[in-house]
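# Summary of the model geometry
Listed here are the chains, written in short residue letters.
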Amino acid sequence: MVTRNRQVNIISDSCCDLPADLYESLGIGLLKFPYLIDDVEYFDDLYRTITPHQFYERLRKGEQAKTAQIPYVHLLEVFEKAAQEPLPTVFLCFTSGLSGNFVSVQQACAETMEKYPEAEMYVVDTLLPSIAEGLLVWEAVRQADRGLTAKELVAWAEEARYFVNSFFTIPDLESLRRGGRIPDIAAMAGTTLDIKPIIAIDLEGRLKLYAAARGRKKSIKLLLSLYEERAIIGESNVVIVASADAPKELKQMTEQLLKKTAASPPVIISSSVGTVIGAHVGPDMIAISFWGQDRREYISLTDRIAYAVTNRADTIKARIRNGQ
């Protein structure tokens, strides 16, 4: 990737679930989330030291994976190194809707800037998990290579995140129930009726049950239908698809996607759902992320008003904190 016009140093985290070789080609920093299996700590390194099949086989055999925030000491190390570089830094962070890591990143950034007041550093809550975050990161790098400044890139990301459409389906709701993401009764009902949930991302970066299909094939078909309905084909005609160790189904979905888009085929990036996300959703998840319609238009009128009011309040608070 050409970087001669880049005026900003970009950092993101391993929850973006991009392929390791692609991430490396972007020329940006990576913060690795930790996870534990049987009280042994590992780091999500985009499957450099373990394969997706090895990880998900352990889960299938009953082992439990637990996730944790990135150690604060490590955050300080990364920000201090960034503060000493000549370019300003933008950190594109995993959604605050699913992790408290964003708060820690903000604190580490603020602490570092107190030590290096001349440094220019920003933290962006992508409000996106997994390959949805990955799609935003991928395009942010492209925009930076086109010459956006750090401030411009922050403004771009805070608007562009709402145009990332992402949906995924999982075989059952047990993993989400176990992680406290959905009620027990919903998981039990889904299993009894062979309901395959379609999960989306709300405006706060949390998971929400978007739809349901009876059976696995219909759930994957619904993912493709959502792409046809919502995708906006333009110069950034990029789609990221991923699975949690379900390569055959992912290949089938990719082939169907190419057939449906034969007139204007997208650039398809195929990836694997990472260990941190996988610890919560379990094996066999299938996901798709693409540039599409503004997700703010899909909420109810009353929710839209509430969102506008709270968002405006957050903006005012931020300006007060910054002395504006």
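Check the entry above for the structure.
Reference entry: report on the structure contained in this document. This is a predicted model, so every value here is computed, not measured.

About the thresholds
Residues numbered from 1 in each chain as written. Predicted model: local features only at pLDDT ≥ 70, side-chain atom pairs only at ≥ 80, totals over all residues. Heavy atoms only, no water. Helix = DSSP H or I, 4+ residues; strand = E, 2+ residues; numbered from the N terminus. Expected span 1.5 Å × (residues − 1). Buried < 20%, exposed > 50% of the residue type's maximum accessible area, 1.4 Å probe, protein only. Arc of directions from axis to C-beta. Contact = heavy atoms within 4.5 Å. Salt bridge = Lys/Arg side-chain N within 4 Å of Asp/Glu carboxyl O. Pairing = 2+ DSSP bridges. Axes fitted to C-alpha atoms, helices over the stretch in contact; angles between N-to-C directions. Polar contact = N/O pair within 3.5 Å; in protein donor to acceptor, adjacent residues only side chain to side chain. Parallel < 35°, antiparallel > 145°, perpendicular 65-115°, else oblique. Left-handed = near helix turned anticlockwise from the far one by under 90°. Nonpolar A, V, L, I, M, F, W, Y, C, P; charged D, E, K, R; others polar.

Here we come to helix α9 (residues 216-230). Counted at 1.5 Å a residue, the expected span for α9 with its 15 residues is 21 Å, and the 21 Å between its end C-alpha atoms agrees. Listing the buried residues of α9 in full gives R216, S219, I220, L223, L224, L226, Y227 and R230. Summarising the axial view, the buried residues of α9 lie within an arc of 150 degrees, below the 170-degree limit, and thus occupy one face. Away from the buried face of α9 by more than 90 degrees, exposed residues K217, K218 and K221 are located. Buried positions along α9 lie against β8 (164-169), β9 (195-201), β10 (207-214), β11 (238-243), α10 (247-260) and β13 (286-291).

So, about the pattern of salt bridges. Pairs can form between side chains of opposite charge once their charged atoms are near each other. Throughout the structure, instances matching the rule amount to 13 salt bridges. A salt bridge links E159 to R296, with the nearest nitrogen and oxygen atoms 2.5 Å apart. Of the two residues, E159 is situated in helix α6 (residues 150-160) and R296 in the loop between β13 and α12 (301-321); the sequence distance between them amounts to 137 residues. Salt bridges sharing partners connect three or more residues here, namely E57, R60, D245 and D284.

Looking now at the sheet that holds strand β3 (residues 34-37). Spatial strand order, β4-β3-β5: three strands in an open sheet with antiparallel pairing. Strands at the two margins of the open sheet, each flanked by one partner only, are β4 (40-43) and β5 (65-67). Pairs of neighbouring strands in the sheet enclose a mean axial angle of 30 degrees, with direction left out of account. Bridging between β3 and β4 involves four bridges; their strand directions are antiparallel. When the bridges of β4 are listed, P34 appears paired with F43. Strands in contact with helix α2 (residues 52-60) are β3, β4 and β5; relative to β3, the strand with the most contacts, it is inclined by about 45 degrees.

Quick look at the side chain of S166 now. Relative to the helices and strands, S166 is located in strand β8. Polar side-chain contacts of S166 include one of 2.6 Å to the side chain of S289. Beyond its immediate sequence surroundings of up to four residues, S166 is in contact with A132, I199, A200, I201, I288 and S289.

By secondary structure assignment, the location of D294 is in the loop between β13 and α12. In this structure D294 touches Y162 and F163, once residues within four positions along its chain are discounted. Within polar-contact distance, the side chain of D294 engages the backbone nitrogen of R296 at 2.9 Å.

Look at helix α3 (residues 72-83) against helix α4 (residues 101-115): their axes get within 9 Å of each other, and the N-to-C directions meet at 45 degrees. Judged on the interaxial angle alone, α4 and α3 are oblique. In this structure, α3 meets α4 at a crossing whose hand is right-handed. From α3, Y72, L75, L76, F79, E80 and A83 reach across to α4, where they touch S104, V105, Q107, A108, C109, E111, T112 and K115.

Mapping S272 onto the fold places it in strand β12 (residues 267-272). Taking the C-alpha atoms as reference, S272 lies 10.0 Å from A20; in sequence the two are 252 residues apart. Residue contacts for S272: discarding those within four places in its chain leaves D17, Y47, P52, A242 and S243.

A word on the sheet that holds β11. The six strands are arranged β10-β9-β8-β13-β11-β12 in an open sheet whose pairing can be described as mixed. In this open sheet, the two strands that pair with only one neighbour each are β10 and β12. Within this sheet the neighbouring strands show an average axis-to-axis angle of 20 degrees, counted without direction. Here β9 runs beside β10; their pairing, made up of seven bridges, is antiparallel. Within β10, the position partnered with P197 by the bridge is A212. Of the strands in this sheet, β8, β9, β11, β12 and β13 are in contact with helix α5 (residues 130-145), which crosses β13 at around 35 degrees.

Right, let's talk about the packing of α5 against α6 for a bit. Contact geometry of α5 with α6 gives a least axis separation of 11 Å together with a crossing angle of 145 degrees. In the crossing of α5 with α6, the sense of the turn from one axis to the other is right-handed. Between α5 and α6, the contacting residues are L136, E139, A140, Q143 and A144 on the first element and L153, W156, A157 and A160 on the second. When the residues that make up the contact of α5 with α6 are grouped by side-chain class, the tally is seven nonpolar, one polar and one charged.

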